[in-house]
Amino acid sequence: MNTPQILYLSAADVASVGLDPRTIIGLLETAFREKGHGRVEMPPKPGIHTKPDAFIHAMPAYIPALRAAGVKWVSGYPENRGAGLPYISGLIVLNDVDTGLPYAVMDCTWITAWRTAAASALSARYLARPESGTVGILACGVQGRTHLEALALEFPLKRALAYDVAPDVQRRFVEEMGRKLGIEIAGVDDPRTAVADSDIVVTSGPILRQPVPTIQRGWLKPGAFASAVDFDSYWSPAALAEFDRLTTDDHAQFRYYRRLGYFQQTPDPDADLGELVAGIKPGRADAAQRTIALNLGLALDDMAVAPEVYRRAAARGLGTSLPL
Ligand SMILES: NC(=O)c1ccc[n+]([C@@H]2O[C@H](COP(=O)([O-])OP(=O)(O)OC[C@H]3O[C@@H](n4cnc5c(N)ncnc54)[C@H](O)[C@@H]3O)[C@@H](O)[C@H]2O)c1
C-alpha cells in the first residue's frame, strides 16, 4: 500500500497563492447559498479556553457542492500583540470527501483574514445601500485592512475614516491602504467621528466577554450598515436595539455564543447570511433602515476557501509533501 501524502502549506505558501478577494467572495456566496438550502454539515464550534478572553476552537464543516471537508483549529489570544505574536493563529486540515484521508495541512491566518472580510462584504451586498461611499473602520488591524479592501470591490467607495487606539497602527493603515486602494483615508481621533459620517461601519477590535461598549444610540446615521466581527464588544445595547435589521451568519452558533455569555443584551437576529443569499429572507427594505451583520465566523467560510488554495498551491508546486 502506498503511503498517503499530505501537502503542508506554511503561512507564506498560502499567502503566495494570491487568491484574489473577488474569488473568495464568490466561493463564500456558493457556500452560503448551499447553507441556506440546508445542504452543508457544520456543527457549532467546540472550544477550550486557557485564559480569559482567549479561545482555541475546533471548526469542522462539509460542503458537498464544493467537495470540501475538514476542520480549522484556531486560537485567538488578544494579549499576543504585546509579545509581538499574532492575535489569530492555527491550522486547517482538509480531508478527502470519499476516503476521509487528510490530504493537506495549512496555516489558517491568511484564509481567516480574508474569508471574514468576504463574509462581511457578502452581507453588505444584501444589507448596505448600493451607493455607499464612506466606510468607518474601527480598529485598523488585520481585519480592518481586509474589510476595507473587500468592501471596495462591492461598493463605489470614495472615503474611509480610520480609528485605532494605537496611533502608529492607525497611521500605517492610513498611509498603506490609501496607497493600495487609491481612495481618501482619514485617520480620526475619536470613534464617534468614524461612525457618524459613514454609510458602512466595520468594528474589528478585540472580542471581550465583558464588553466595554463604545458606540452609543444615535451615533449611526439612518440608512447605514454595520459589520461587527468583534461580536457585541464595540456596540452598546442601546445602539444594538436601534437597528431595524440584525443578522448573523448562523443562528445556531449565535445561540451557542449566547450560552457562553456573549450577546446578552443583543436582540435575536432576524436572518442569517445563508437565508439572505438563498433568497429565503429579504435584504434591506428601504434606504432609511439601519442594518447590521453580526457574523461570528464559520467553519463553512474556511472550507469554502481552503480547497481552492490547496488546488492552486499544488498546481504551482508550492508547499512541502509529508508522509502521513
Ligand atoms: N467574526 C469573525 O469571523 C472573526 C474572524 C477573525 C477575527 N475576528 C475578530 O476580529 C477582531 C480583530 O482581529 P484582527 O486579526 O484584525 O486583530 P489585530 O490584532 O490585527 O487588530 C486588532 C486591532 O484593534 C485595535 N484596538 C484594540 N482596542 C481597540 C479599540 N477599543 N478601538 C479601536 N481599536 C482597538 C488594536 O490596536 C489592533 O490594531 C478580533 O476580535 C478577532 O477575534 C472575528
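See the structure above.
Residues numbered from 1 in each chain as written. Predicted model: local features only at pLDDT ≥ 70, side-chain atom pairs only at ≥ 80, totals over all residues. Heavy atoms only, no water.

Novice: What exactly am I supposed to notice about the side chain of K72 here?
Specialist: You can see K72 is positioned in strand β4 (residues 68–76). Within polar-contact distance, the side chain of K72 engages the side chain of T112 at 2.8 Å. A distance of 3.1 Å separates a polar atom in the side chain of K72 from a polar atom in the side chain of D302. What K72 contacts, discounting residues up to four positions off in sequence, is H57, A58, M59, L91, I92, C108, T112, R115, D302 and M303. (Helix = DSSP H or I, 4+ residues; strand = E, 2+ residues; numbered from the N terminus. Polar contact = N/O pair within 3.5 Å; in protein donor to acceptor, adjacent residues only side chain to side chain. Contact = heavy atoms within 4.5 Å.)

Novice: Hey, could you run me through the layout of surface pockets in this one?
Specialist: To find the voids left in a structure, one rolls a probe of water-molecule size over its atoms. Quantified by volume, the second largest pocket comes out at close to 160 Å³. Considering the residues around the second largest pocket, the lining is formed by 14 residues, among which P211, D232, P237, Q264 and Q265 are closest to the centre. (1 Å grid on protein atoms, 1.4 Å probe; cavity = no way out; pocket = protein on both sides within 12 Å on 5 of 7 lines; lining within 4 Å. Points joined across faces, edges and corners; volume = space filled by probe spheres on them.)

Novice: What is the right way to look at the sheet that holds strand β10 (residues 200–203) in this model?
Specialist: Hydrogen bonds along the backbone pair up the strands of a sheet, which may run parallel or antiparallel. Spatial ordering of the open sheet is given by β9-β8-β7-β10-β11-β14-β12-β13, a layout of 8 strands whose pairing is parallel. Because the sheet does not close on itself, it has two edges, and the strands there are β9 (184–187) and β13 (271–272). The pairing of β10 with strand β11 (residues 225–228) spans 4 bridges and is parallel. If you follow T203 over to β11, its bridge partner there is A228. (Pairing = 2+ DSSP bridges.)

Novice: Got a minute to help me understand a nonpolar patch on the surface in this structure?
Specialist: On the surface, Y8, L91 and L322 cluster together to form a nonpolar patch covering roughly 230 Å² of accessible area. Position of L322 among the secondary structure elements: in strand β15 (residues 320–323). (Patch = residues over 30% accessible without salt bridge, like charges linked within 9 Å, V, L, I, M, F, W, Y side chains within 5 Å. Areas by Shrake-Rupley, 256 points an atom, 1.4 Å probe, with all protein chains shown as cover. Salt bridge = Lys/Arg side-chain N within 4 Å of Asp/Glu carboxyl O.)

Novice: Whenever I open this one, the nonpolar core confuses me. Can you help?
Specialist: The tendency in soluble globular proteins is for nonpolar side chains to be buried side by side. Ranked by internal contacts, the top residues of the largest apolar core, which has 68 residues, are L28, M106, I111, L148 and V309. Sort the elements by how many residues they give to this core and helix α3 (residues 109–127) lands first, with 11 residues. Once you skip the residues sitting within four places of it in the chain, M106 turns out to touch L9, V14, G90, L91, I92, L94, I111, A306, V309 and Y310. The next biggest cluster of nonpolar side chains, apart from the first, holds 29 residues, and it includes A228, F243, L246 and L294. (Core = buried A, V, L, I, M, F, W, Y, C linked by side-chain atoms within 4.5 Å. Buried < 20%, exposed > 50% of the residue type's maximum accessible area, 1.4 Å probe, protein only.)

Novice: Even after reading the chapter, I still don't get the sheet that holds β4, so can you show me in this structure?
Specialist: One open sheet accounts for 7 strands, arranged β2-β3-β4-β5-β6-β1-β15; its pairing is mixed. Looking at strand neighbours, the two that pair on one side only are β2 (47–48) and β15, the edges of this open sheet. As judged from the 2 bridges shared by β2 and strand β3 (residues 55–63), these two strands associate in the antiparallel manner. Counted as the bridge partner of I48 is I56 from β3.

Novice: Mind showing me how you'd approach the packing of aromatic side chains here?
Specialist: To describe a pair of aromatic rings, one takes the distance between the centres and the angle between the planes. Enumeration over the complete set of coordinates arrives at 9 aromatic pairs. Centroid distance F231 to Y257: 4.8 Å. Interplanar angle 70°. Geometry classified as edge-to-face. Note that F231 is positioned in the loop between β11 and α7 (237–241) and Y257 in helix α8 (residues 251–260), a separation of 26 residues in sequence. Taking relative accessible area as the criterion, Y257 reaches 3% and is therefore assigned buried. (Phe/Tyr/Trp six-rings, centres within 6.5 Å; stacked < 30°, edge-to-face > 60°.)

Novice: What is the right way to look at helix α10 (residues 299–315) in this model?
Specialist: Note that an α-helix has 3.6 residues per turn; residues three or four places apart therefore point the same way. Under the 1.5 Å per step criterion, the end-to-end length of α10 is 25 Å for 17 residues, consistent within 8% with the ideal 24 Å. Within α10, 12 of the 17 residues are buried, leaving the element largely enclosed by the surrounding structure. Immediately beyond the C-terminal end of α10, within one or two residues, lies G317, with a positive phi of roughly 70°. (Expected span 1.5 Å × (residues − 1).)

Novice: Explain the packing of α3 against α10 to me, please; I cannot follow it from the model alone.
Specialist: When two helices pack together, their arrangement is given by the angle between the helix axes and by the axis-to-axis distance. The N-to-C vectors of α3 and α10 enclose an angle of 125°; their axes lie 10 Å apart at closest approach. Here α3 is positioned oblique relative to α10, judged by the angle of their axes. Crossing geometry of α3 relative to α10 is assigned as right-handed. Note on element contacts: α10 touches α3 through D301, D302, V305, A306 and V309, opposite I111, T112 and R115. Class assignment of the residues belonging to the contact of α3 with α10 gives a composition of 4 nonpolar, 1 polar and 3 charged. (Axes fitted to C-alpha atoms, helices over the stretch in contact; angles between N-to-C directions. Parallel < 35°, antiparallel > 145°, perpendicular 65-115°, else oblique. Left-handed = near helix turned anticlockwise from the far one by under 90°. Nonpolar A, V, L, I, M, F, W, Y, C, P; charged D, E, K, R; others polar.)

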